[in-house]
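What follows is the residue order along each chain.
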Amino acid sequence: MDLREVLPGLHLLPLGISNAYLWRAAEGVTLIDTGPPGSGPAIRAALQHLGVPPEEVHHIVLTHFHDDHAGSAADVASWSGARVIAGAGDAAFVRGEQPGPPPAFTRAEQQLHAVVAADLQPASACRVDREVTDQEVLDLGEEAVVLSVPGHTPGSIALHLPAAGLLLTGDTIAEHRGQVVLGPFNIDRDAAWRSLQHLADLDVEVACFGHGQPVVGSASSALRRATDPFG
């Protein structure tokens, strides 16, 4: 089982080309992102490894609508009964009510995307039980502040858990070859960079990304040194 404890209560679950995270509190479990389609069995296996019954997954938080993050949301929601939470600007795309806007690829990103998304299947439409906007607070057993970070997608969100010193950035920020970077495949690169800088202004010790390895310790400093290697 390729499951890593990032800090007490938080586990990283790599799901092919993207990461999901399991946040465990006394009140239940929150799944942040669900990987590409077909990731449901791996998520169930991770829960079993942790001794967590499926019905204890109370929330699924989707950082954005892309297929490698929302791909298994409908499946997991069906067998867990979890409430699905997504940014208001992406909710219609998660529900399948309309197609989401494609990224504005740079040349370097075109080459990268052709490799990493070669076998990626489209996500099934999934209900969204709660649409959230900037600064809303979620009770995930600990206060989690929703941060609106448009640019990667219209409704991209990040989660900030101040008491844990934890930031989950979605795809606004990534880790690539040991370096913190602006996440690729954005609909608006300038807006995404502004969102990254907004997140870098937070005081956090741990930052977890949709792609790449987390930064554990002095994460804010690492975010402020972020680069844009795909521009």
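Right above here is the structure, for reference.
So, how was this worked out
- Residues numbered from 1 in each chain as written.
- Predicted model: local features only at pLDDT ≥ 70, side-chain atom pairs only at ≥ 80, totals over all residues.
- Heavy atoms only, no water.
- Salt bridge = Lys/Arg side-chain N within 4 Å of Asp/Glu carboxyl O.
- Helix = DSSP H or I, 4+ residues; strand = E, 2+ residues; numbered from the N terminus.
- Buried < 20%, exposed > 50% of the residue type's maximum accessible area, 1.4 Å probe, protein only.
- Lys, Arg positive; Asp, Glu negative; His and termini not counted.
- Contact = heavy atoms within 4.5 Å.
- Pairing = 2+ DSSP bridges.
- Patch = residues over 30% accessible without salt bridge, like charges linked within 9 Å, V, L, I, M, F, W, Y side chains within 5 Å.
- Areas by Shrake-Rupley, 256 points an atom, 1.4 Å probe, with all protein chains shown as cover.

1. Digging into the pattern of salt bridges
Overall, the coordinates contain five salt bridges when judged by the stated rule. Glu-109 is paired through a salt bridge with Arg-189; the nearest N and O atoms lie 2.9 Å apart. Within this pair, whereas Glu-109 is found in helix α5 (residues 107-116), its partner Arg-189 is found in helix α6 (residues 189-200), the two being separated by 80 residues in sequence. One salt bridge in this structure joins Asp-228 and Arg-189, with 2.8 Å as the shortest N-O distance. In this pair, Asp-228 sits in the segment after α7 (219-224) while Arg-189 sits in helix α6, placing the two residues 39 residues apart along the sequence. Residue classification places Asp-228 among the partly exposed residues on the basis of a relative accessible area of 31%. Residue Arg-189 is classed as buried on the basis of its relative accessible area, which comes to 19%. Linked by salt bridges that have partners in common, Glu-109, Arg-189 and Asp-228 make up one network.

2. Observations concerning the side chain of Asp-90
Residue placement: Asp-90 occurs in the loop between β6 (83-87) and α4 (91-94). Buried and unpaired, Asp-90 has Arg-95 as its nearest opposite-charge partner, separated by 11 Å. Residues within four places of Asp-90 in sequence aside, it is in contact with His-64, Phe-65, Thr-153, Pro-154, Gly-155 and Ser-156.

3. Considering the sheet that holds strand β15 (residues 215-216)
Taken in spatial order, the six strands make up an open sheet running β8-β9-β10-β11-β14-β15, and their pairing is mixed. For this open sheet the edge positions go to β8 (137-139) and β15, each flanked by a neighbour on one side alone. Judged from the three bridges that link them, strand β11 (residues 166-168) and strand β14 (residues 206-208) form a sheet pairing that is parallel. Residue pairing across strands places Leu-166 opposite Val-206, the latter belonging to β14.

4. Regarding the pairing of strand β13 (residues 179-182)
By the bridge criterion, four bridges tie strand β12 (residues 173-176) to β13 in an arrangement that is antiparallel. Across the sheet, Glu-175 pairs through a bridge with Val-180, a residue of β13. Connecting β12 to the next strand, β13, in antiparallel fashion are two residues, including Arg-177 with a positive phi near 55 degrees.

5. Looking at the environment of Val-29
Of note, Val-29 is situated in strand β4 (residues 28-32). Along the sequence, Val-29 and Arg-224 sit 195 residues apart, while their C-alpha atoms lie 31 Å from each other. Every residue in contact with Val-29, bar those within four places of it in the chain, is listed here: Leu-22, Trp-23, Arg-24, Leu-47, Val-52, Glu-56, Val-57, His-58 and His-59.

6. Re a nonpolar patch on the surface
A cluster of nonpolar side chains, Ile-17, Val-115 and Val-116, forms an exposed patch at the surface whose accessible area comes to about 230 Å². Within the secondary structure, Ile-17 sits in the loop between β2 (10-15) and β3 (18-25). Since its relative accessible area comes to 33%, Ile-17 is described here as partly exposed.

7. Side note on the environment of His-113
Structurally, the position occupied by His-113 is in helix α5. Overall, the relative accessible area of 30% leaves His-113 in the partly exposed class. Taking the C-alpha atoms as reference points, His-113 and Ala-207, separated by 94 residues in sequence, lie 24 Å from one another. Setting aside its immediate chain neighbours within four residues, His-113 contacts Phe-105, Ala-118 and Phe-185.

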